[in-house]
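# Report on the structure
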Amino acid sequence: MPKSKPIVIVANRLPVQRVGDRFVESAGGLVTALVPTLKARGGAWVGWPGVSTPLRRFRFENFRVQPVHISEAEEDGFYNQFSNRTLWPLYHDAIRTPEFDHSWWRPYVVVNHRYAKAAAAVAPRNGLVWVHDYHLQLVPAMLRSMRPDVRIGFFLHVPFPPEELFAWLPWRERILEGLLGADVVGFQTQASARNFSRAAREYNLAEGTDTELAVGRRKVRVGTFPISIDFQWFAEAASKPESLREASLLKRRLGASRKILLSVDRLDYTKGIDLRLLAFEAMLKRKRVRVSECVFIQIASPSREPVHEYAQMRVRIEQLVGRINGEFSEPGRVAVHYFRRGYTREQLAAYYRAADVMIVTPLRDGMNLVAKEFVATRSDYSGVLVLSEFAGAARELRQATIVNPRNIEGMADAFETALNTSKRDARHRMAILRTIVRRHDVFEWADNFLEALAG
Ligand code: ADP
Ligand code: F6P
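Residues numbered from 1 in each chain as written. Chains lettered and ligands numbered in written order. Predicted model: local features only at pLDDT ≥ 70, side-chain atom pairs only at ≥ 80, totals over all residues. Heavy atoms only, no water.

### Topic: the site of ligand 2
All residues in the neighbourhood of ligand 2 are listed as R13, Y79, W88, D133, Y134, H135, V158, R266 and R304. Measuring from an oxygen atom of ligand 2, one finds a side-chain N or O atom of R13 at 2.8 Å. Between ligand 2 and D133 there is a distance of 3.1 Å, counted from an oxygen atom to a side-chain nitrogen or oxygen. Protein contacts shield 66% of the accessible area of ligand 2, which totals 380 Å² for the unbound molecule. Looking at the shell around ligand 2 residue by residue, the classes come out as four nonpolar, one polar and four charged. (Near = heavy atom within 4 Å. Polar contact = N/O pair within 3.5 Å; in protein donor to acceptor, adjacent residues only side chain to side chain. Areas by Shrake-Rupley, 256 points an atom, 1.4 Å probe, with all protein chains shown as cover. Nonpolar A, V, L, I, M, F, W, Y, C, P; charged D, E, K, R; others polar.)

### What about the site of ligand 1?
Every one of the 15 residues lining ligand 1 counts as a neighbour, but R266, K271, R341, Y343 and E373 are closest to it. K271 places a polar side-chain atom, nitrogen or oxygen, 2.9 Å from an oxygen atom of ligand 1. One nitrogen or oxygen atom from the main chain of L369 is found 2.9 Å from an oxygen atom belonging to ligand 1. Protein coverage of the free-state accessible area of ligand 1, which is 570 Å², stands at 78%. Where the shell around ligand 1 is concerned, the elements lending two or more residues are β13 (259-266), β14 (294-301), α12 (345-354) and α13 (369-377). (Helix = DSSP H or I, 4+ residues; strand = E, 2+ residues; numbered from the N terminus.)

### Quick look at the pattern of salt bridges
Counted by the stated rule, this structure contains 28 salt bridges. Residue D183 is joined to R144 by a salt bridge in which the shortest nitrogen-to-oxygen separation is 2.9 Å. Of this pair, D183 sits in the loop between α6 (172-179) and β9 (184-187) while R144 sits in helix α4 (residues 139-146), and the two are 39 residues apart along the sequence. Here D183 matches R144 in class, with each residue buried. With a closest N to O distance of 2.7 Å, R340 and E305 form a salt bridge. One end of the pair, R340, is in the loop between β15 (336-339) and α12; the other, E305, is in the loop between β14 and α11 (308-328), and 35 residues separate them in sequence. Its relative accessible area of 24% is what places R340 among the partly exposed residues. Each of R286, R288, E409, D413 and E416 takes part in a single network of salt bridges with overlapping partners. (Salt bridge = Lys/Arg side-chain N within 4 Å of Asp/Glu carboxyl O. Buried < 20%, exposed > 50% of the residue type's maximum accessible area, 1.4 Å probe, protein only.)

### Re the domain arrangement of the chain
Looking at the chain, the domain boundaries give domain 1 (7-227 + 443-454) and domain 2 (231-439). Once you take the C-alpha centre of each, domain 1 and domain 2 turn out to be 30 Å apart. Counting residues at the interface gives 21 residues for domain 1, matched by 23 residues for domain 2. Taken over both partners, the interface formed by domain 1 and domain 2 buries close to 1800 Å², and the fraction arising from carbon and sulfur atoms is 60%. Contact with domain 2 buries surface across domain 1, with W88, I95 and R96 losing the most and accounting together for 31% of the total. (Domains from an automatic or database assignment. Contact = heavy atoms within 4.5 Å. Buried area = accessible area lost by both parts, 1.4 Å probe.)

### Details of α13
Structural remark: α-helix, 3.6 residues per turn; residues separated by three or four positions point the same way. Among the nine residues in α13, eight count as buried, and that is most of the element. Along α13, the positions that sit buried rather than exposed are V370, A371, K372, E373, F374, V375, A376 and T377. Elements in contact with the buried residues of α13: α8 (231-239), β13, α12, β16 (357-360), β17 (384-388) and α15 (423-439). N-cap assignment for α13: the residue whose side-chain oxygen lies 3.0 Å from the backbone N of V370 is N368.

### Some remarks on the packing of aromatic side chains
Summed over the entire model, instances satisfying the criterion amount to 26 aromatic pairs. An angle of 80° between the planes, with centres 6.0 Å apart, marks the rings of F160 and F187 as edge-to-face. Of this pair, F160 sits in the loop between β8 (151-155) and α5 (163-166) while F187 sits in strand β9, and the two are 27 residues apart along the sequence. Exposure class is identical for F160 and F187. Each is buried. An aromatic cluster of three or more residues is present, and its members are F78, F82, W105, Y108, Y115 and W171. Positioned over the ring face of W233 is R345, at 3.9 Å from the centre of the ring. (Phe/Tyr/Trp six-rings, centres within 6.5 Å; stacked < 30°, edge-to-face > 60°. Lys NZ or Arg CZ within 6 Å of the ring centre and 35° of its normal.)

### Brief notes about the sheet that holds strand β4 (residues 43-48)
Read from one edge to the other, the open sheet built from ten strands follows the order β5-β6-β4-β1-β7-β8-β9-β12-β11-β10, with strand pairing classed as mixed. For this open sheet the edge positions go to β5 (58-60) and β10 (207-208), each flanked by a neighbour on one side alone. On the sheet, helix α3 (residues 102-122) packs against β1 (7-13), β4, β6 (63-67) and β7 (128-132) and is oriented at approximately 165° with respect to β4. On top of the sheet, α4 reaches β7, β8 and β12 (218-224); it is set at about 170° to β8, its chief contact. (Pairing = 2+ DSSP bridges. Axes fitted to C-alpha atoms, helices over the stretch in contact; angles between N-to-C directions.)

### Observations concerning the pairing of β16
Residue alternation in β16 divides its side chains into two sets, V357 and I359 and M358 and V360, and both sets are buried. Relative to β16, β13 runs parallel, the two being bridged by two bridges. Opposite L261, over in β16, you have V357 as the bridge partner. The parallel pair β16 and β17, bridged by α13, forms a crossover whose chirality is right-handed. (Right-handed = clockwise from strand over helix to strand, strands pointing away.)

What follows is the structure in structure tokens.
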């Protein structure tokens, strides 16, 4: 039975972090999804501890933690540069121009090889190894050459770009060969899965259909596995008396009669934070909705700060917030509240619960878990979700108000409409959204992938 087989997870980051002299579970979608699975099956997690001092392998609960050591110079070439200045922008519709620097490719290969070696060392005979995300696309083929006995899965959390963009990459064949080393390659959407299969055929590295490729005599299954969240956790956390108290306190402090528009993102240029601020500004300029009636809260957690494009986006956002507040705020009525910090999941649940309109408008996003988290917290069936058509989540959450994040006036219209949505309409849509997220939670996602991998 697939459920009983131990697994080895290989992901850029470890699921634990050091707090004082002990390790605690880190927050984040992947950890929530896979730690329970690992605890149930046993196995190992191979990843980077995020510090440059080497760490020994250790046990956490009933699985093994295998740290991969990355020097500071390698961290820069592998993570900041190749992963986040070449692959990240290229895979997100080239929203920022990707840089193709040959000196960054080498650390990407070296670090991928180190992850593959670490996985090869811990994987049991004929075991299952599940590799994650764009940082580690060479690992499947490297691992296969070291350990032909294991079954290898790969899941890409970000979009796989269309052919015309993927073709820009000087190392495109190497990346495809790396991924084709897996037995199962999984994507968030059908479009990404199709883009990958087409690229593999285009470069004559595989034959077959969009869902099953042949590399010589070996079969590679290509599938769509939309990631999700721990629905139950968010639903329960947001319904706790502390969260409800927190949410109503927040509403009182902002002005009980004001409707709250909320956004929660990593501070990333793919998230469209600047464009949605412009849309909020456009809405206020129309003077049909005033700051006495609504407030916009943008929560943005600092992310990848050494990367220039991220620092630039921070400056742009902060200028826009200043501009909008300078123009529209009134004494005791700030138009935009901007909180650049991380929150606990419990705190986020209270914010989600306080919001009237949740605005999730990335320019491109593999999935976007924030949209699903918001839905899970609305056990009173209130609240409206405004969602970008370019988020993977839009394929599933069709009852949301779907917008084009580049259409500023269109988004302003959508915000206005969302603020005026009747309780009945909101309730009807939220009921459908909640059914979808409840049925397809993160545990189902992990089970589906592992079932496909077990063959
Ligand atoms: P990405 O993977 O690109 O960051 P997602 O929306 O899929 O985007 O996932 C983001 C995750 O990070 C969600 O689980 C969300 O709750 C969490 N998150 C976002 N902003 C914050 C914040 N300010 N503090 C804590 N967690 C956050
Ligand atoms: O969604 C892509 C992703 O790389 C996730 O895997 C990760 O949790 C998130 O972005 C944050 O990125 P980083 O690990 O670079 O802080």
